[in-house]
Each structure stands twice: as structure tokens, then as C-alpha cells.
Amino acid sequence: MSKGVSVVIPSYNEQDNVAKCLTHVYEVVKKLKLDAEIILVDDGSKDRTGAIAKSFLSKIPILKIVTNRPNRGYGGSLKAGFAAATKEFIVMTHADNQLDFSEVDKFLDLQRQTGADIISGVRAGGGDAYYRTFLRWGWNTLVRALFGYLASDIDCGFKLFRRQILNRVSLPSDGAMIDTQLLAGSRARNLKIVEVPIRHYPRTAGVATGENPRVI
């Protein structure tokens, strides 16, 4: 039995990745026969990300494009996608093709087995350079010291959660803190969070912004 899912894909300057991402996500949705919608958020991209995404509207009937002008940041991008979502569950993933969306079946199976409110991915496979792995470790350690244990990989961009959580958990951040807010708010309300290991691949196109000092 499949769940209704809204797939939210934040995207900023991903013109070299967005076509492959949308094609792959749609292929997985069809293969798994999901009741789904795909929501691509163009977060004020300065390249052709938005134009390329819009060219898929005629090819992917369940695709929605949300455009932020100006750029709202990672958290703002996700919230714009969440606001457009209509299905029972929201699945977050990235447009950079470092995550394999076909693993969404593991998330759905685990949710069905456990009844969890959130399924949170744990990245494995060495997809990031050493310094990014170090930054991730430092951030997870800091958040754990402030809020207690939330998840092994707080900022993993592959998560599945019940859309109704958004009515209970406040997400004021327009930046990367949004993942911490989602998990901390859910833990505080005794919602069930289950983790699952996922593959993580190196970025082969585009430029990551997570290590930008301004973002940090």
C-alpha cells in the first residue's frame, strides 16, 4: 500500500543537475506507483535552473514549479515547497543528485512498519570531501550539546514526515537551521523519529553552498 507523498526539491543554481534529478524522481514515482506530486522550488537561481525545470512541465504531469524571488535560503526554499504540498507525507530530497531517490521505498516501508512521524536519512558512502564531513560532525556535536540527541545526521536532506507536523512544529528559519527546528520541535512533542542509512554520492556538477562562511 503506497502513501500519498509530496516530493519537495529545493534548488539553487543547479542547471547542470536539475534535468537528471527530475527525470530520476519521476521514474521512481512511476516504478513504485506512488500517489505523488513533485514540487521543484527554484530559489532565486541566477542560472537556467528555473527555465530547465519549467521545460519538464509538459513531460511530468505531476510536477509543480515554485519560484522564490529573491532567494530565500535553504529553509525558505523548503518552506515554500511545504506550503505547496497537498499529500499526507512530505519527502525532502536535493537537486544535486548526491542522494538516490530510489531509496524512498525504504523510507515508506519503515514508516509503515514503525508508524513513525519522521524518517530521517543518515548519509553514508563518502559523498562529501573531508572538510565538509568535519563541518557536519562539528555541527551535529554542537546541536547535540544544545538540544540533546535529535538524530545521527541532523542536516541530511533526505527525510520523510507527516505533513500535519507542520501544524505543530514552528519552522522560523530561512537557513540550514530548519532541519534542527524540525527535529527538535518534533522531539519536544514526543513525535516518533526513526533513522535509516542511505547512500551518498559525490557531487559531479554544480557548486555546493553549505560550506560558505555566510551560510555557516
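The rules we used
- Residues numbered from 1 in each chain as written.
- Predicted model: local features only at pLDDT ≥ 70, side-chain atom pairs only at ≥ 80, totals over all residues.
- Heavy atoms only, no water.
- Helix = DSSP H or I, 4+ residues; strand = E, 2+ residues; numbered from the N terminus.
- Buried < 20%, exposed > 50% of the residue type's maximum accessible area, 1.4 Å probe, protein only.
- Contact = heavy atoms within 4.5 Å.
- Pairing = 2+ DSSP bridges.
- Axes fitted to C-alpha atoms, helices over the stretch in contact; angles between N-to-C directions.
- Lys, Arg positive; Asp, Glu negative; His and termini not counted.
- Salt bridge = Lys/Arg side-chain N within 4 Å of Asp/Glu carboxyl O.
- Polar contact = N/O pair within 3.5 Å; in protein donor to acceptor, adjacent residues only side chain to side chain.
- Core = buried A, V, L, I, M, F, W, Y, C linked by side-chain atoms within 4.5 Å.
- Phe/Tyr/Trp six-rings, centres within 6.5 Å; stacked < 30°, edge-to-face > 60°.

J.: An account of the environment of Val28 is needed here, citing residue identities and associated values.
T.: Along the polypeptide, Val28 turns up in helix α1 (residues 18-32). The class of Val28 is buried, set by a relative accessible area of 7%. Each C-alpha atom, one on Val28 and one on Asp105, is 9.1 Å from the other, the two residues being 77 residues apart in sequence. Discounting chain neighbours no more than four positions away, the residues touching Val28 are Phe101, Ser102 and Val104.

J.: Describe the sheet that holds strand β4 (residues 89-92), listing the residues and the values that go with them.
T.: With respect to topology, seven strands assemble into an open sheet ordered β3-β2-β1-β4-β6-β5-β7, the strand pairing being mixed. Since the sheet does not close on itself, it has two edges, and those belong to β3 (63-68) and β7 (193-199), each with one partner. Strand-to-strand twist in this sheet, taken as the mean axis angle between neighbours without regard to direction, amounts to 20 degrees. Pairing analysis gives six bridges linking strand β2 (residues 35-43) to β3, with the strands arranged parallel. Bridge pairing links Asp43 to Asn68 in β3. Across the sheet, α1 touches β1 (4-11), β2 and β3, and the angle it forms with β2 is around 165 degrees. The sheet strands contacting helix α4 (residues 104-114) are β1, β4, β5 (118-124), β6 (159-162) and β7, and the helix crosses β7 at an angle near 155 degrees.

J.: Quick rundown of the side chain of Asp43? Include the residues and the values.
T.: In this fold, Asp43 is placed in strand β2. Although Asp43 is buried, it forms no salt bridge, and the closest oppositely charged side chain is Arg72 at an N-O distance of 5.9 Å. Looking at Asp43, its side chain comes within polar contact range of the main-chain nitrogen of Arg72, at 2.8 Å.

J.: I'd like to hear about the side chain of Gln181, residue by residue, with values.
T.: Within the secondary structure, Gln181 sits in helix α6 (residues 177-188). Looking at Gln181, the relative accessible area reads 18%, which means it is buried. Setting aside residues no more than four positions away along its own chain, Gln181 makes contact with Val169, Ser170, Leu171, Pro172 and Ser173.

J.: How would you sum up the pattern of salt bridges? Please name residues and give values.
T.: One pass over the full model with this rule turns up eleven salt bridges. With a closest N to O distance of 2.9 Å, Glu103 and Lys106 form a salt bridge. Here Asp117 and Arg162 are joined by a salt bridge, their closest N and O atoms 3.2 Å apart. Here the residue Asp117 occupies a position in the loop between α4 and β5, and Arg162 occupies one in strand β6, the gap between them amounting to 45 residues. Of the two residues, Asp117 and Arg162, both sit in the buried class. Through salt bridges with shared partners, one network takes in Asp100, Glu103, Lys106 and Arg199.

J.: Which residues make up the nonpolar core, and what values go with them?
T.: Formed by 36 residues in total, the largest nonpolar core has its most connected members in Ile9, Leu22, Phe101 and Phe158. Counting only elements with at least two residues in this core, the list comes to β1, α1, β2, α2 (49-54), β4, α4 and β7. Among all residues touching Phe101, those that are not within four sequence positions of it are Val7, His24, Val25, Val28, Val29, Val91, Thr93 and Phe158. In terms of nonpolar packing, the next biggest core, distinct from the first, is built from 24 residues, Ala85, Ile90, Ile154 and Phe161 among them.

J.: How would you sum up the pairing of β6? Please name residues and give values.
T.: Every second residue of β6 is oriented toward a common face, with Lys159 and Phe161 on one face and Leu160 and Arg162 on the other, all of them buried. The pairing of β4 with β6 spans four bridges and is classified as antiparallel. Along β6, the bridge assignment pairs Met92 with Lys159. Alignment of β5 against β6, held across three bridges, turns out to be antiparallel. Counted as the bridge partner of Ser120 is Lys159 from β6.

J.: A description of the packing of aromatic side chains should follow, citing residues and the corresponding values.
T.: By the definition in use, this model includes three aromatic pairs. Summarising the aromatic geometry, the rings of Phe82 and Phe161 are spaced 5.4 Å apart at their centres and angled 85 degrees between planes, so their arrangement reads as edge-to-face. In this pair, Phe82 is assigned in helix α3 (residues 73-84) and Phe161 in strand β6, connecting sequence segments 79 residues apart. Between Phe107 and Phe158 the ring centres are 4.4 Å apart and the planes differ by 20 degrees, which places this aromatic pair in the stacked class. Placement of the pair is Phe107 in helix α4 and Phe158 in the loop between α5 (130-147) and β6, with a sequence separation of 51 residues. Taken individually, Phe107 and Phe158 each receive the classification buried, so the pair is uniform in this respect. Taken together, Phe101, Phe107 and Phe158 form an aromatic cluster joined through their ring pairs.

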